[in-house]
Amino acid sequence: MADTIQFLSAQEAQAFGKVGVLFGGRSAERDVSLMSGAGVLAALQSQGIAAHAFDPGQRTLAELAAEQFDRVFIALHGRFGEDGSLQGALELLGIPYTGSGVMASSVGMDKITTKILWLAENLPTPKYAVLNADSDLDQVAADLGLPLIVKPPHEGSTIGITKVEQGADFKAAYDIAAALDDSVLAEEFVAGREFTVAVLGSGAAARALPVVEIVAPEGNYDYQNKYFTDDTRYFCPALLDQAITDEMQRIAVQAYRSLGCQGWGRVDVLLRAADSKSFLLEVNTSPGMTSHSLVPMAARAEGISYEALCVEILRSASLKLAKP
């Protein structure tokens, strides 16, 4: 489908009221958030919407309240923006916001809790172990096999992640992740192809966008290859058998719903080479919106322009907690 821009009428744009675009923040993903927010801000303003930048990393909640925004678009990534803490503040302030609510944002930011809930729903996710300073790393390596992946469970954008090829390197990988998080996640390495599935909507109305395959240089989809190089290749819609595509989209939407996600999100999936089985990695409740980002790419494949995507997400802004 063609990627066309359909401009809002003045009346439609005014109906959104005064809009805050929250970006920047103070997580390890601040730089990415600044890029996402700049794109969203420009897109909304191009539609005639009265959108204004607001950086919670440099301004206070009192200043946020004083702005008297009618709704906000959250373009923050990582802690203090994607983890439920800001969502709780917005609920208290009575400001409708995009994306998931307090609980789903908090759970989605915690890869360990996410896995526990997915396994309870019989959803496929790689085997794992939770590590601390007293963990027997040799035993964990024996249980999960080598290579394995070590990551801080509350970070995103592949920050702090290490692929451990040899047991002798396990402790150094643990130390890298432990410097960023109180707990550390060790995960079975699934050899295969990497995909992501963007999801729009809430509850029964949630739907998957076309699947994106990510082919990074030497299979290393790290922070640099995600945001700052053009060496990573993307295929959207992914070149997959229809049955595999359907199953990947099905489990992605189920994974999204199982956490109570709303509005929009992105679910990362690995396809095991040995048997073409899909494994869920994580859910992003406030995905990137940069020039390299995957949700806009999936939307384009369905004929939804970047500007229209931003408007659709903004239109879904709401308060999620029940009124007393």
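See the structure printed just above.
Conventions and cut-offs
- Counting restarts for each chain: residues are numbered from 1 in the order of the written sequence.
- Per-residue local features are limited, in this predicted model, to residues with pLDDT of at least 70; the limit for side-chain atom pairs, both in listing and counting, is 80 or more; totals at the level of whole chains, interfaces and linings are taken over all residues.
- Side-chain metrics rest on all non-hydrogen atoms present in the structure, leaving aside hydrogens and water.
- Pairing of aromatic rings covers Phe, Tyr and Trp, the last through its six-membered ring, and needs centres within 6.5 Å; plane angles under 30 degrees mean stacked, over 60 mean edge-to-face, and all others mean tilted.
- The numbering of helices and of strands both runs from the N terminus, where a helix is a DSSP run of H or I of at least 4 residues and a strand a run of E of at least 2.
- Whether a residue is buried, partly exposed or exposed follows from its accessible area with a 1.4 Å probe, protein chains only, as a fraction of its type maximum: under 20%, in between, or over 50%, in that order.
- Axes, fitted as lines to C-alpha atoms, cover a helix only where it is in contact. Angles between the N-to-C directions of the axes lie from 0 to 180 degrees.
- The labels follow the angle: roughly parallel below 35 degrees, roughly antiparallel above 145, roughly perpendicular from 65 to 115, and oblique for the rest.
- What makes two residues a contact is simply this: any of their non-hydrogen atoms within 4.5 Å.
- Note on residue categories: nonpolar means Ala, Val, Leu, Ile, Met, Phe, Trp, Tyr, Cys or Pro, charged means Asp, Glu, Lys or Arg, and polar means any other residue, Gly included.
- Criterion used throughout: strands pair if DSSP finds at least two bridges between them.

Participant: What is the right way to read the packing of aromatic side chains from this model?
Facilitator: Geometry of an aromatic ring pair is reported as the spacing of the ring centres plus the angle between the planes. Scanning all chains against the criterion turns up two aromatic pairs. Consider the rings of Phe54 and Phe69, whose centres lie 6.3 Å apart with planes at 90°: the pair is edge-to-face. Here Phe69 lies in the loop between α3 (61-67) and β3 (71-74) and Phe54 lies in strand β2 (residues 50-54), a separation of 15 residues in the sequence. A residue is classified by how much of its surface remains accessible, and Phe54, at 2% relative accessible area, is buried. Judged by relative accessible area, Phe69 falls into the buried class, the value being 6%.

Participant: Quick question: what am I supposed to make of the packing of helix α5 (residues 102-109) against helix α6 (residues 111-120) here?
Facilitator: Where α5 meets α6, the axes come as close as 5 Å, and the angle between the chain directions of the two elements is 105°. Between α5 and α6, the angle is such that the two are roughly perpendicular. Along its contact with α5, which presents Val107, Gly108 and Met109, the element α6 presents Lys111, Thr113, Thr114 and Leu117. Class assignment of the residues belonging to the contact of α5 with α6 gives a composition of three nonpolar, three polar and one charged.

Participant: Even after reading the chapter, I still don't get the pairing of strand β8 (residues 192-200), so can you show me in this structure?
Facilitator: Every other side chain in a regular strand lies on the same face of the sheet, so the side chains alternate between the two faces. Sheet topology note: the β8/strand β12 (residues 264-272) ladder contains nine bridges and is antiparallel. Pairing of Thr196 across the sheet is with Asp268, part of β12. As defined by bridge partners, β8 adjoins strand β10 (residues 212-215) across three bridges and the pair is classed as antiparallel. By the bridge assignment for β10, Thr196 is matched with Val212. Pairing geometry for β8 and strand β9 (residues 207-208), over two bridges, is antiparallel. Within the sheet, the bridge partner assigned to Leu200 lies in β9 and is Arg207.

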